[in-house]
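Observations on chain architecture
Each chain is listed here by its residues.
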Amino acid sequence: MLWNGNNENIWLHDVDGWADSLGDRGWGLDYYLDLLPTIVDAVDPSRFYTVASPWSGAESLPANDVDHETHHSWDAWNRLPDTAYRGSVPRFVSEFGWQAPPAWRTLRDGVADEVLSQDAPGVVHHQKAADGMGKLARGIEPRFGTGPFSFDAWHYLTQLQQARAIATGVEHWRTHWPRNTGVVMWQLNDLWPVSSWSAIDSAGRLKPLAHELRRLYDDVLLTIRPVSRVAVAPSAVSGPAASPASSPVSPVSGAVAPASPVASGADRTGGPDHPGRSASAGETADLGDVADTLSLGVSPGAFGSSPVEVAVRSTRGGHDSVVRVRRVTTAGTILAEASLPVRLSSAGVAVVALPESVGVVDDPARELIVADMDWRRAVWTPGPDVDVRWEPARYRTSFTPVDGGLDLTVEAETLVRDLLVQPDRVTASGVVDRGFMTLLPGERVTFRLTGVTEADIPALRAEPVLWSLDRALEH
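Per-chain numbering applies: the sequence of each chain, read as written, is numbered from 1 onward. Given that this is a predicted model, residues contribute local features only at a pLDDT of at least 70 and side-chain atom pairs are listed and counted only at 80 or more, while totals for whole chains, interfaces and linings are drawn from all residues. Side-chain numbers here rest on the full set of heavy atoms in the structure, without hydrogens or water.

Description of the sheet that holds strand 5 (residues 220–226)
Let me state the cut-off plainly: When DSSP finds at least two bridges between two strands, those strands are taken to pair. In this description a helix means any DSSP run of H or I spanning at least four residues, a strand means any run of E spanning at least two, and both kinds are numbered starting from the N terminus. Throughout, an axis means a line fitted to C-alpha atoms (over the contacting stretch in the case of helices), and angles, computed between N-to-C directions, take values from 0 to 180 degrees. Every residue pair with non-hydrogen atoms within 4.5 Å of one another is taken to be in contact.
Spatial strand order, 5-8-11: three strands in an open sheet with antiparallel pairing. Only two strands of the sheet have a single neighbouring strand rather than two, namely strand 5 and strand 11 (348–353). Put simply, the sheet's adjacent strands are angled 20° from each other on average, direction ignored. Looking at chain direction, strand 5 and strand 8 (residues 308–314) are connected through seven bridges and run antiparallel. Bridge pairing in strand 8 places Arg 225 opposite Glu 309. Across the sheet, helix 8 (residues 151–174) is in contact with strand 5, strand 8 and strand 11; its angle to strand 5 comes to roughly 100°.

Below you can see the structure in the form of structure tokens.
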């Protein structure tokens, strides 16, 4: 717990034209810088006080500078695709987020529209973000296209996009520790049945994002990411015959691309509703000289020209494991695989270069890359999902009665991408313990469903209660 002087007031005063309208009138700066910290120091000296969020530590610095203290990242969602998160590595991301509608049952109970649709008056009314419905549509377009989509498909895809977008940011920032030291997502929950940035809706139902957050904030995070543009010192391991490894090396100064294009003077800036950019014109995030404890692995060039790599972030201690990386077709056929060591002697980041056999796809429309380590899985789709020629997902289902509900076991016969179970569509009390799941042929996953009975099994097997990505894109 800490004390925070304000949310975005100093930042927006500086970049959003507040000074022009305020003139010589006071607006709280002395309160944030002097009065409130004095009071906190007197009555609660054990807790940390920060002047604002975002805040760069000094009045002489832009409040939302990526190179100092806290940063709010709202260019993505407001006006850029979520891949823009990879454009910078702020020191600490204290606010970012992506919208999605609430669970189907929560929305159904909250609106009076007889038929749910994206443009139904009640659905639109339950969207209070500036141009929120437009941002939802533009948000899914880069990955999933423009449709037209049925309401069921739109609901599925916007929830999938929320999970994917948040994953893009958290994976990128967490695997650039210690340059980045933390990521806080906006927001946890809601007060009313609205499309918003929350992971838990107003009825207490978990969106798929809530399940994804367990993976993203686990002590050990496994990711597949584009080869980092952060410059690192060459490793002693080199050459095409060398064994892929994740031996620690000492990084040198490096930079990533600017977070976004230069904004016009008319653009607004902060918060989840603002269309303006978050960073100063022309800035970059310089990685600088950081501690030798950062483990950034071997040079990707040692194993060819793979455009992606595996990154593992371990927060509490070292990690010694093996990551199995497979290049597979959209039907689930394994084209190539490699088992690569992951070695961290202490908490840090290990980056594992991929051999071309698994890191370079021959046909982006028919292939993807899957990495497994321990019980963790990461999946990389080389291009937009809408351009992928997904094979129809085939799987078998079985149900087992358990205390309070049913266990649904799904066994894949083909690749099953982003399988989602929504028991709240069947009963108001229906709850599931997992979000989107991707399976390879022969793999099984068990969903624990509570608040349902054996009489609900036919409905639980039906679409769109049980749905995969290939089916949603057809609707």
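Things to note about helix 7 (residues 132–144)
Since there are 3.6 residues in each turn of an α-helix, residues three or four apart along the chain are aligned in direction. How we decide: The span you would expect from a helix comes to 1.5 Å times its residue count less one. Here's how the labels work: a residue is buried when its accessible area is under 20% of the maximum for its type, exposed when over 50%, partly exposed in between, all with a 1.4 Å probe on protein chains only.
With 13 residues, helix 7 should reach 18 Å at 1.5 Å per residue; the first-to-last C-alpha distance of 18 Å fits that figure. All of the buried residues along helix 7 are Gly 132, Met 133, Gly 134, Lys 135, Leu 136, Gly 139, Ile 140, Arg 143 and Phe 144. Downstream of helix 7 by one or two residues, Gly 145 has phi in the positive range, about 85°.

Topic: the sheet that holds strand 9 (residues 319–329)
Ordered by their spatial adjacency, four strands build an open sheet running 10-9-12-13, and the pairing between neighbours is antiparallel. Pairing within the sheet leaves two strands with one partner each, and these edge strands are strand 10 (334–344) and strand 13 (376–380). Across this sheet, the average inter-strand angle for adjacent strands is 20°, counted without regard to direction.

Some words on the packing of aromatic side chains
Going by this rule: Any two of the Phe, Tyr and Trp rings considered here, Trp counted by its six-membered ring, make a pair once their centres fall within 6.5 Å; the pair's planes then place it as stacked at under 30 degrees, edge-to-face at over 60, or tilted in between.
A full pass over the atoms with the stated rule returns eleven aromatic pairs. Between Trp 74 and Trp 197 the ring centres are 6.3 Å apart and the planes differ by 80°, which places this aromatic pair in the edge-to-face class. Here Trp 74 is found in the loop between strand 3 (70–73) and helix 4 (75–78), whereas its partner Trp 197 is found in the loop between helix 8 and helix 9 (208–216), with 123 residues between them in sequence. Here Trp 74 matches Trp 197 in class, with each residue buried. An aromatic cluster is present here, built from Trp 74, Trp 77, Trp 98 and Trp 197 joined pairwise through their rings.

Regarding the pattern of salt bridges
Definition in use: Here, a salt bridge means any Lys or Arg side-chain nitrogen found within 4 Å of an Asp or Glu carboxyl oxygen.
In the structure shown here, the tally under the stated rule is 29 salt bridges. Asp 219 is the partner of Arg 316 in a salt bridge, and the nearest nitrogen-oxygen pair spans 2.8 Å. Taken together, the positions of Arg 316 in the loop between strand 8 and strand 9 and Asp 219 in the loop between helix 9 and strand 5 put the pair 97 residues apart, joining distant regions of the chain. As a salt-bridge pair, Arg 326 and Asp 372 come within 2.8 Å of each other at their nearest N and O atoms. Of the two residues, Arg 326 sits in strand 9 while Asp 372 sits in strand 12 (residues 367–373), which places them 46 residues apart along the sequence. Just as Arg 326 is buried, Asp 372 falls in that class too. Connected through shared salt-bridge partners, Arg 394, Arg 396, Glu 411, Glu 413 and Arg 444 make up one network.

Let's talk about the nonpolar core
The criterion, for reference: As used here, the term nonpolar core means buried Ala, Val, Leu, Ile, Met, Phe, Trp, Tyr and Cys residues forming a set that is joined through side-chain atoms within 4.5 Å.
If you look at the biggest cluster of nonpolar residues, it comprises 53 residues, and the most contacted ones within it are Phe 96, Tyr 156 and Ile 166. When contributions to this core are tallied by element, the ones reaching two or more residues are helix 4, strand 4 (92–96), helix 5 (104–110), helix 7, helix 8, helix 9, strand 12 and helix 12 (469–473). Considering each element in turn, this core owes the most residues, eleven residues, to helix 8. Excluding its chain neighbours within four sequence positions, the residues that come into contact with Tyr 156 are Arg 417, Asp 418, Leu 420, Phe 436, Trp 467, Ser 468, Leu 469 and Ala 472. Core analysis: the second largest hydrophobic core is formed by 23 residues, Val 308, Val 323, Val 361 and Ile 369 among them.

Looking at the confidence of the model for the protein
Operational definition: You can read pLDDT as the predictor saying how much it trusts each residue, on a scale of 0 to 100.
Per-residue confidence for the protein gives a mean pLDDT of 87; residues scoring 70 or more make up 85%. The model gives residues 231–269 a pLDDT under 50, and that stretch makes 108 contacts with residues more than four places away or in other chains. Residue range residues 278–302 is modelled with pLDDT below 50. Its contacts to residues more than four positions away, or to other chains, number 84 contacts.

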